[in-house]
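Chains, contacts and geometry: an overview
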Amino acid sequence: MAKMTVARAMVEVLKSEGVEIIFGIPGAAIYPFYDALYSSDIKHVLVRTEQAAVHEASGYARTTGKVGVCVATSGPGATNLITGIATAYMDSVPIVAITGQVNSSLIGKDVFQEVDITGATAPFTKHNYLVKDPKKIVRILKEAFYIASTGRRGPVLIDVPIDVQMQEIEFEIPKEIDIPGYKPKEKGHPLQIKRAVEAIESSKRPVVCSGGGVIASGASQELQILIEKQKIPVISTLMGIGSIPTDHPYYLGMIGSHGQKEANLALRQADLLIVIGARLADRALGDTKITDNMKIIHIDIDPAEIGKNVDTNVPIVGDAKQVLSEINKRISERKDFWAHEIKAQKKVLPDDDKLHPYDVLREISRAYNGDYIITTDVGQHQIWAAHNLYIKEPGTFITSGGLGTMGYGVPAAIGAKFGRPDKEVIAITGDGSFQMLLQELATIKREQVPIKVVLFNNTRLGMVYELQKKRCTGRFIATCLDGNPDFMILAKAYGIESMRLESKEKLKEAIEIMKSHKGPFLLEVVTSPDEPTIP
Amino acid sequence: MKYTLSVLVENHPGVLSRVAGLFSRRGFNIDSLAVGVTEDPTISRMTIVVNGDDYIVEQVTKQLNKLIDVIKIKKLNPKEAVERELALIKVNANSQTRSDIIQITEIFRANIVDVSKETLTIEISGDEDKIEALIELLKQYGIREVVRTGLIAIERGNKVISKSKSEEDE
């Protein structure tokens, strides 16, 4: 046992958890921690607003499978994390967020930069802690990593008062973590697995709906074995894109209100829906009503998801990878693929001399052949990306699915590039989303992060503009982004190479220039405001 | 339909607000919530009376189970549990009505815990119906104040709710 300050102990625990990188901004209430960080090997990435720190940690976590770590000071530093934490919570991303807090003797007195961040984040953290007893810091941090990275993953916040950070403790890492109220169940119930096998074998038109849980659990291979044995068409949620390759012969696309027709059609015709790691919320189901004629098998690691949005005939609580491999051991082979006709209906997109977003995305897919990590922001471009990009491997399509947080894309790409420096990372964004966190261009420059940003600029908040066009008979309000900067000059100001693409003739050349450029690059694609989300 | 849930939680500050917050945020209605420490000082027990259908109770249970501080939840069957609530009732009393009130109190096996010139304060424990019945009878004299603890409940016989989280509860 060694004596050390709490701040130092925090850094030691981070090291013992294998943390290599932290995203954050320092401040007065977190300076002892930063001081302890100074003499460690952990890399710190200085962001330009705290929200970006969480998104970057999220991009890092989603590409590495490790826990992403972000740090902020008390008060506004902590509240700036909130959107990022809620985003991670909705998409089950493992994050440990550390915040400084005012002196513990001043808590509750509304002193400078004080805010009740554990109270504020309780609804959208998996768990959070306000550390009052310095002796508990090591155990709490260990628990935080354990909780964030097991079961249904999610963000955990630890709020540490500045006086606590400075106290001396005896440092000892506990051998095991035992939390009486937290025992995630990974193995599916054998009886339910048997029932699932029977239901699949006796179904005529089974469909798998694959969600983010398949990717989180690393169950893609098991999923492919199942669907190939039983010849089951696969549809996915936005979060589930990439759980099987998008060019797989049984993949029909994304479902929902912004989904692909073939996928929704298959969902409507199914007599058995196998939901894996998805919650089937409103956007995923769209207009589709689940009828009594459809049986449902629901596999999820979070028991609370089962039966919440849709009634389930066969509930299986467990880790998708484990449950699917159990099912695969028992399942027979089926002869015919029932959804040939649906699959054959693939929509033909207009091929004219105009430059459409899907042309750009398809050219990117072709040029890179899926050897990239894609992050997206939120809006029309997100759906364009979801429908048109070739996604080859699980975990290479990173988007804010649940919360729909504009501003997510670029910081997530930064985090992803730190996680997987060997991969090309491309952020697909729009002019509305991009400007929500565009100060991260400075982080890209400072840290020399060689990511590519493809910016679809239609000078609109496109998704809402389109909604107003359809639902408000063209009464457009607050959706035109007049006053946008010249993004070429903006990129130049940050010292980032850029290019503007306006015509179809230049498309191949532009993607080639972007691809061959070594450093960070911004490609602005001038887009018509009347380009629909779904052509 | 009313359901009684017995919930073992870690005896930490902030647990109550987490549980209460979960109810309001998910749109569940609590009829009453009583909390106190158990035989193990590190654990508190909450008795929560929820109003809703089977779907609501299932959701409440599952969502509560997701809270890290929640150790165990059990839905109590009213037939196999003893349910009690404590109430303090301050009622108007003068020389003409005092003896009537005392008589009613005795019939209900309740206690007079405070007397003044103009009031009597009655302590009663029992199930909800008994307390409601007494309050109803005392209304004619004019009730000044009622304080109720909310229901607490314990299973009959040998059964106990143990600390270990077993699978059938999930």
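These lines cover the structure that appears in this document, whether it is placed above or below. Here the structure is a predicted model, which is why all the values come from computation and not from measurement. (Residues numbered from 1 in each chain as written. Chains lettered and ligands numbered in written order. Predicted model: local features only at pLDDT ≥ 70, side-chain atom pairs only at ≥ 80, totals over all residues. Heavy atoms only, no water.)

Let us look at the nonpolar core. All names here are of chain A. The biggest cluster of nonpolar side chains holds 82 residues, and the ones touching the most others in it are Ile297, Ile327, Val360, Ile364 and Ile428. When residues are assigned to domains, this core turns out to be shared by domain 2 (190–329) and domain 3 (357–526), each giving three or more. Residues within four places of Ile364 in sequence aside, it is in contact with Asn369, Tyr372, Leu389, Ile426, Ile428, Val454, Ile511 and Met514. Grouped together as the second largest cluster of nonpolar side chains are 40 residues, Ala7, Val19, Phe33 and Ala148 included. (Core = buried A, V, L, I, M, F, W, Y, C linked by side-chain atoms within 4.5 Å. Buried < 20%, exposed > 50% of the residue type's maximum accessible area, 1.4 Å probe, protein only. Domains from an automatic or database assignment. Contact = heavy atoms within 4.5 Å.)

Bringing the interface of chain B and chain A into the picture now. The partner chain A presents 20 residues to the 20 residues of chain B that form the contact. A combined buried area of about 1700 Å² lies between chain B and chain A, and 52% of that area is made up of carbon and sulfur atoms. Connecting chain B to chain A are 1 salt bridge. For Lys66 of chain B, the salt bridge goes to Asp302 of chain A, with nearest N and O atoms at 2.6 Å. On inspection of chain B and its partner chain A, the count reaches 6 residue pairs in polar contact (both at pLDDT 80 or more). Contributing elements (two or more residues each) for the side of chain B that touches chain A: helix H1 (15–25), helix H2 (54–66) and strand E4 (70–76) of chain B. (Buried area = accessible area lost by both parts, 1.4 Å probe. Salt bridge = Lys/Arg side-chain N within 4 Å of Asp/Glu carboxyl O. Polar contact = N/O pair within 3.5 Å; in protein donor to acceptor, adjacent residues only side chain to side chain. Helix = DSSP H or I, 4+ residues; strand = E, 2+ residues; numbered from the N terminus.)

On to the sheet that holds strand E19 (residues 497–501) of chain A. Sheet strands line up and pair through hydrogen bonds in the backbone, either parallel or antiparallel. Residues and elements named next belong to chain A. The sheet built from 6 strands is open, its strands ordered E16-E15-E17-E18-E20-E19 with parallel pairing. Across the chains shown, the open sheet's two edge strands, defined by having one partner strand only, are strand E16 (397–398) and E19. Summarising the sheet, strand E18 (residues 452–457) and strand E20 (residues 521–526) pair through 6 bridges and their orientation is parallel. Each residue of the ladder has a partner; that of Val453, found in E20, is Leu522. The strands that helix H15 (residues 357–368) touches are strand E17 (425–430), E18, E19 and E20; relative to E18, the one it contacts most, it runs at about 165°. (Pairing = 2+ DSSP bridges. Axes fitted to C-alpha atoms, helices over the stretch in contact; angles between N-to-C directions.)

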